[in-house]
Amino acid sequence: MKLVDMTVKDYLDLLKSDAPAPGGGSVSALSAAQGVGLVAMVADLTIGREKYAEYEEICKAAKEEALKLYAELVAGIDKDTEAFNKVSAAYKLPKNTDEEKAARSAAIREANVGATEVPFETVKLCLEGLKVTETMVGKSNPNAASDLGVAALNLMAGIRGAWLNVKINLPGIKDEALKAQFEAGAQMVDEAYVLANRIYEEVLASL
């Protein structure tokens with residue numbers, strides 16, 4: 001069963017067990033999905049209400065983008081666990097002959113790239129989510145302002161958690177050019193940190 005098809009309690013029970021997956025990567029994607037989910041909710045609480053008509057187009061655009069990000073992040077919850085399972089499977093391949101050793105090494109390299117790509121994608125999605133969130137601060141239903149602050153916090157947890165998962169997998173990337181592309185994600189994390197804090201402080205000041 002996919003993680004996203006579980007009840008919340010079953011998911012949490014699996015998470016707290018000694019099973020190695022789901023782990024931090026899936027949790028990061030889930031946190032981020034919750035964040036953009038809140039953005040979509042705040043948009044819906046604004047759209048179609050006469051008193052917030054001036055924010056209509058902003059919130060419609062934000063909702064559309066948030067729902068796209070939401071779908072990708074929800075998919076990422078299971079993608080991260082699947083990527084981890086591929087790494088585990090690769091390490092369990094036989095290594096009795098030179099051919100088997102070569103095949104095993106190739107499988108490990110490929111699996112490590114996949115295990116890095118998935119959280120790296122979460123990093124990018126989280127940053128986009130924060131940018132969308134900021135467009136609605138002060139330009140949406142003020143009764144749901146705190147939800148935008150919580151959205152920013154969840155997206156910040158998502159991006160920093162995903163970045164940890166990128167970093168822990170980098171030693172397994174043997175292609176130096178590819179590794180450098182992944183390492184460039186640090187700039188996105190730094191940008192997100194500033195953005196999330198700005199959103200949080202603006203929301204806090206408005207309450």
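Shown above is the structure to which this text applies.
The shown structure was predicted, so the numbers you read here are calculated from the model rather than taken from an experiment.

1. Things to note about the environment of L130
Line of reasoning, step 1. With respect to the element layout, L130 can be found in helix α4 (residues 98-136).
Line of reasoning, step 2. A relative accessible area of 0% places L130 in the buried class.

2. Quick word on the packing of α4 against helix α5 (residues 145-169)
Line of reasoning, step 1. Running from N to C, α4 and α5 point in directions that differ by 160°, and their axes come no closer than 8 Å. For the element pair α4 / α5, the angle class is roughly antiparallel. At the point where α4 passes α5, the crossing takes the left-handed sense. Counted together, A115, T116, P119, F120, T122, V123, C126, L127, G129, L130, T133 and M136 of α4 and L148, A151, A152, L155, G158, I159, A162, W163, N165, V166 and N169 of α5 form the full contact between these two elements.

3. What to know about the packing of aromatic side chains
To describe a pair of aromatic rings, you give the distance between the ring centres and the angle between the ring planes.
Line of reasoning, step 1. Tallied over the full model, the rule gives one aromatic pair.
Line of reasoning, step 2. Aromatic side chains F120 and F182 sit 5.3 Å apart centroid to centroid with 75° between the ring planes, which places their arrangement in the edge-to-face category. Of the two residues, F120 sits in helix α4 while F182 sits in helix α6 (residues 176-183), which places them 62 residues apart along the sequence. Of the two residues, F120 and F182, neither departs from the other in class, the shared state being buried.

4. Focus: helix α3 (residues 56-91)
Line of reasoning, step 1. Taking 1.5 Å per residue as the helical rise, α3 with its 36 residues ought to reach 52 Å, and the 53 Å between its terminal C-alpha atoms agrees with that figure.
Line of reasoning, step 2. Along α3, the largest kink reaches about 30° and is centred on I77.

5. Section: the pattern of salt bridges
Line of reasoning, step 1. Under the defined criterion, the tally for this structure stands at nine salt bridges.
Line of reasoning, step 2. One salt bridge in this structure joins D44 and K63, with 2.8 Å as the shortest N-O distance. Here D44 is found in helix α2 (residues 24-44), whereas its partner K63 is found in helix α3, with 19 residues between them in sequence.
Line of reasoning, step 3. Classification of D44 as partly exposed rests on a relative accessible area of 41%.
Line of reasoning, step 4. Among the residues examined, K63 registers a relative accessible area of 25% and is labelled partly exposed.
Line of reasoning, step 5. Through salt bridges that share partners, E128, K131 and E191 make up one connected network.

Parameters and conventions
Position numbers for residues start from 1 in each chain and track the written sequence from start to end. Where local features are concerned, this predicted model is filtered to residues with pLDDT of at least 70; where side-chain atom pairs are given and counted, the filter is 80 or more; whole-chain, interface and lining totals use all residues. Only heavy atoms go into the side-chain values, all of them from the structure, while hydrogens and water stay out. In DSSP terms, a helix is any run of H or I states spanning at least four residues, a strand is any run of E spanning at least two, and both are numbered starting from the N terminus. To sort residues, take the accessible area from a 1.4 Å probe on protein chains only and compare it with the maximum for the residue type: under 20% means buried, over 50% means exposed, and anything in between is partly exposed. Orientation is described by axes fitted as lines to C-alpha atoms, over the contacting stretch for helices, and by angles from 0 to 180 degrees between their N-to-C directions. Should an angle fall under 35 degrees it is called roughly parallel, over 145 degrees roughly antiparallel, and 65 to 115 degrees roughly perpendicular, with every other angle called oblique. In a left-handed crossing the near helix is turned counterclockwise from the far helix by less than a right angle, and in a right-handed crossing that turn is clockwise. In what follows, residue pairs with any heavy atoms lying within 4.5 Å of each other are defined as contacts. Each Phe, Tyr or Trp ring (for Trp, its six-membered ring) is paired with any other whose centre lies within 6.5 Å, and the angle between the two planes then decides the class: stacked below 30 degrees, edge-to-face above 60, tilted in between. Expected span of a helix: the number of residues minus one, times 1.5 Å. A residue's bend is simply the angle between two axes: one fitted to the seven residues ending at it, one to the seven starting at it. What counts as a salt bridge is simple: a side-chain nitrogen of Lys or Arg found within 4 Å of a carboxyl oxygen of Asp or Glu.

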